[in-house]
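In case you want the letters, here they are:
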Amino acid sequence: MGNELSSTLPEDWVTVDMVNRFTFCPRLFHLMYVEGRWEDNAFTLEGKAVHRRVDRIDQILPEAAAPEKETRDDEGDPPPVVARSVSLAHDELGFMGKLDLVSADPEGGEAVPVETKRGRVPNVPLRSYPPERAQLMAQGLLLRRHGYRCDHGYLYFAGSRTRVRVDFDETLERETLETIAAIRAARAVSIMPPPLEDSPKCWGCSLCGICLPDETRELREAAEASEAGGTDVGTDPRRLFPARDRATPFYIQEQGARVGKTGERLVVTKEREKIGESRLIETSQVVLFGNVQVSAQALHLCMEKGIPVVHFSTGAWFHGISHGTGIENAYSRAAQYAAAADPAFCARFIIPLIHAKVTNQRALLLRNGSGESRESACRALAAHLRTLDPSSSTISARAFQQNPAVSEIDFLRGWEGRAAALYFSAFPGMLKTGELPDFDFTARNRRPPKDPVNALLSFAYALLVKECLVALWAEGLDPWWGLYHRPRHGRPALAIDFMEPFRPILADSAVLTCINTGMVRPRDFITNSNGCAMQPAAKKAILRAWEQRLDQLHTHSEFGYRCSWRTILRIQARLLVRLLRGDIPHLPWPVVR
Ligand code: SF4
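Residues numbered from 1 in each chain as written. Predicted model: local features only at pLDDT ≥ 70, side-chain atom pairs only at ≥ 80, totals over all residues. Heavy atoms only, no water.

We now examine the overall build of the chain. Scanning the chain for helices and strands turns up 19 helices and 18 strands. Across its three principal directions, the C-alpha atoms of the chain cover 100 × 70 × 40 Å. Long-range pairs, those at least 24 residues apart, make up 67% of the contacts in the chain with a sequence separation of at least 6. Of the roughly 27900 Å² that the chain leaves accessible, carbon and sulfur atoms contribute 51%. If the 74 positive side-chain charges of the chain are averaged to one point and the 73 negative ones to another, these points end up 9 Å apart. (Helix = DSSP H or I, 4+ residues; strand = E, 2+ residues; numbered from the N terminus. Contact = heavy atoms within 4.5 Å. Areas by Shrake-Rupley, 256 points an atom, 1.4 Å probe, with all protein chains shown as cover. Lys, Arg positive; Asp, Glu negative; His and termini not counted. Charge placed at Lys NZ, Arg CZ, Asp CG, Glu CD.)

This is how it looks when you write it as structure tokens:
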């Protein structure tokens, strides 16, 4: 026994905290202890704050008395020893935990655990919830196994400064021991338990944005209803997370600048002058263009906080990304590699993906295009879309049936290519440039782009790849191993797969905003026989348009709630993991109409 918690937890050991989480929700337990996921919300931060005082080790718990020793004398009870932050472990049970506070008889007879909770005493019959009682009972079990008498404990609710007594009866003891056994089994399973159904617990759960309980349920029920030949009439998913992110990317494109850290802030300086700063809590990524240095301290802090640092050349050529260890499990990557080797799975992934891309291309033309070219392209795209059923995992198009020599994937690439040709043929009709011939667009070209419109498009696609790469990496996927685009040196194939439906609605849309609202001018570009280069003003303009677009609220086409495009990208990356891991049967892609 001692007051130091072992820093490494053996694989089959169970902790007191796990008992609480598992009793609260087995899926939460899985996310935290099998997948290693965590996110704070207001409740968890409040919980940490109220624990700060009890996390301080002061008195050592007295040795437990021998069972036969009488610990009370005739002169009255001596004051109890109050020990905080007591770590106990028991080899036989394979069980350990850190107890907030233990009030013990100085002679080592009786010990009473006190667990601190945020908030007020709950207004329920037992004045406490099952996870809290199970957690306290687990502490009681540890104390008993260490020789103390322990038949009750207290929950201390900091919000109302009230202790609630919890008696350790036989039922609570049996249920807690069963929970410990269930946890040991659950730690060895890599399949995620189903989400709770329409539970009020999800509102307060800090992992609701990772778990996506209602979205998972909706997609499962829709698939079951469709298999049974009906349609799902369930309720719309609740949006359990904020519509917009508080943290946004921090872009630095000032050549010769240096990024350092001061406390919890990133500070950008040039020639000893401060030219910018960003609070870490408000920073989702650090994006560097060209010759910008980062101090080792700033880099380490970003890694520790899970903030990726993305490195681009001045011309937005993606060099790489610096990040911490991220998700420390390989389940999702293993599922990704297995899926990529399964042609049937790939078809199930690709068909809705490219169908959504072409739907979004057509929607953008309908919204912004003009003239006969728009009408004919939209008609042709509508007819083209009808040749591929997005809800099917097989290709029904007549052209494919008539040409058995072509593989499924090559047919789908050709199908997408024909749609792209139609879309870009009508693209000039969306540019409202008046008499500015510099913004004429004839065809898509790149490496290097030859005109301002292509330069803007290439820059916006680089930003989109970066956004997708960061989102996929954050979910533990390998952005370089695609299911549609073939892996090739230097190509983040999965990020390129993932970005397809978002190209028109995010990247192309930001470029149209830049040109059509006059955010860029011909003088912001230098064009010669080697290609077209963007001046800093043009880069600033497209970055602004891009960030505005990502921050815009949109009604999710599948789930019906409103959230920013940045949030939609993140949800989609999380749902892709669910698809790969078999948690959901299919993955619809966001579309605009
Ligand atoms: S959101 Fe709900 S279902 Fe998901 S882990 Fe949290 S409590 Fe469990």
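On any regular strand, side chains alternate: one points to one face of the sheet, the next to the other face. Across six bridges, strand S5 (residues 152–157) lies against strand S6 (residues 162–167) in antiparallel orientation. Bridge assignment links Phe-157 to a residue of S6, and that residue is Thr-162. Linking two consecutive strands that pair antiparallel, namely S5 and S6, is a turn of four residues; a positive phi of about 45° is found at Arg-161 within it. (Pairing = 2+ DSSP bridges.)

Further remarks concern the site of the ligand. Around the ligand, the structure places Phe-24, Cys-25, Leu-28, Pro-195, Leu-196, Cys-202, Cys-205, Cys-208, Cys-211 and Pro-213. The class makeup of the residues in the shell around the ligand is ten nonpolar, no polar and no charged. (Near = heavy atom within 4 Å. Nonpolar A, V, L, I, M, F, W, Y, C, P; charged D, E, K, R; others polar.)

Let's shift gears to the sheet that holds strand S9 (residues 265–270). One open sheet accounts for four strands, arranged S10-S9-S8-S12; its pairing is mixed. Across the chains shown, the open sheet's two edge strands, defined by having one partner strand only, are strand S10 (273–279) and strand S12 (293–294). Of the pairings in the sheet, the one linking strand S8 (residues 258–262) to S9 comprises five bridges and is antiparallel in character. Following the sheet pairing, Thr-262 is matched in S9 by Arg-265.

A few words now on the packing of helix H1 (residues 16–24) against helix H4 (residues 130–145). Between H1 and H4, the least distance of the axes is 8 Å, while the angle of their chain directions is 155°. Taken together, the axes of H1 and H4 lie roughly antiparallel to each other. When the axes of H1 and H4 are compared, the crossing they make is right-handed. Two secondary-structure elements touch here, H1 through Val-16, Asp-17, Val-19, Asn-20, Thr-23 and Phe-24 and H4 through Pro-130, Pro-131, Glu-132, Ala-134, Gln-135, Ala-138, Gln-139 and Leu-142. A per-class count over the contact of H1 with H4 returns eight nonpolar, four polar and two charged. (Axes fitted to C-alpha atoms, helices over the stretch in contact; angles between N-to-C directions. Parallel < 35°, antiparallel > 145°, perpendicular 65-115°, else oblique. Left-handed = near helix turned anticlockwise from the far one by under 90°.)

Counted at 1.5 Å a residue, the expected span for helix H19 (residues 565–581) with its 17 residues is 24 Å, and the 24 Å between its end C-alpha atoms agrees. When you tally the buried positions in H19, you get 15 out of 17 residues, the bulk of the element. Among the residues trailing H19, Gly-582 stands out with phi positive, at a value near 80°. (Expected span 1.5 Å × (residues − 1). Buried < 20%, exposed > 50% of the residue type's maximum accessible area, 1.4 Å probe, protein only.)

What follows concerns the environment of Tyr-561. With respect to the helices and strands, the residue Tyr-561 is situated in the loop between strand S17 (553–555) and strand S18 (562–564). Measuring from C-alpha to C-alpha, the distance between Tyr-561 and Arg-239 comes to 6.4 Å, with 322 residues separating the pair along the chain. What Tyr-561 contacts, discounting residues up to four positions off in sequence, is Glu-215, Pro-237, Arg-238, Arg-239, Phe-241, His-554, Thr-555, His-556 and Ile-571. There is a polar contact of 2.6 Å between the side chain of Tyr-561 and the side chain of Glu-215. (Polar contact = N/O pair within 3.5 Å; in protein donor to acceptor, adjacent residues only side chain to side chain.)

For the rest of this paragraph, the subject is unusual backbone geometry. Excluding glycine, most residues fall at negative phi; most peptide bonds, likewise, are trans. At Ser-85, a residue that is not glycine, the phi angle is positive and equals roughly 50°. Along the chain, Ser-85 turns up in strand S2 (residues 81–90). Among the residues examined, Ser-85 registers a relative accessible area of 2% and is labelled buried. Unusually for a residue other than glycine, Arg-161 sits at a positive phi of about 45°. Within the element layout of this structure, Arg-161 appears in the loop between S5 and S6.

Glancing now at helix H10 (residues 331–340). All of the buried residues along H10 are Ser-332, Ala-335, Gln-336 and Ala-339. The arc enclosing the buried residues of H10, seen along the axis, measures out at 105°, which places them on a common side. Where H10 is buried, its residues touch helix H11 (343–368), helix H16 (493–499) and H19. (Arc of directions from axis to C-beta.)

Once that is clear, we can look at the sheet that holds strand S14 (residues 318–322). Read from one edge to the other, the open sheet built from four strands follows the order S7-S11-S13-S14, with strand pairing classed as mixed. Each having just a single partner strand, strand S7 (248–252) and S14 make up the two edges of the open sheet. Between one strand axis and the next, the sheet turns by 20° as a mean value, whatever way the strands run. The sheet contact formed by S7 and strand S11 (residues 283–289) spans five bridges and is parallel.

In this section: the confidence of the model for the chain. When the pLDDT values of the chain are averaged, the result is 88; 91% of them are 70 or greater. Long-range and interchain partners of residues 1–7, a stretch whose pLDDT sits below 50, account for 19 contacts in this model, where long-range means more than four residues apart. Overall, residues 70–74 carries pLDDT values under 50, and its contacts beyond four positions in sequence, including any with other chains, amount to eight contacts. (pLDDT = per-residue confidence, 0-100.)

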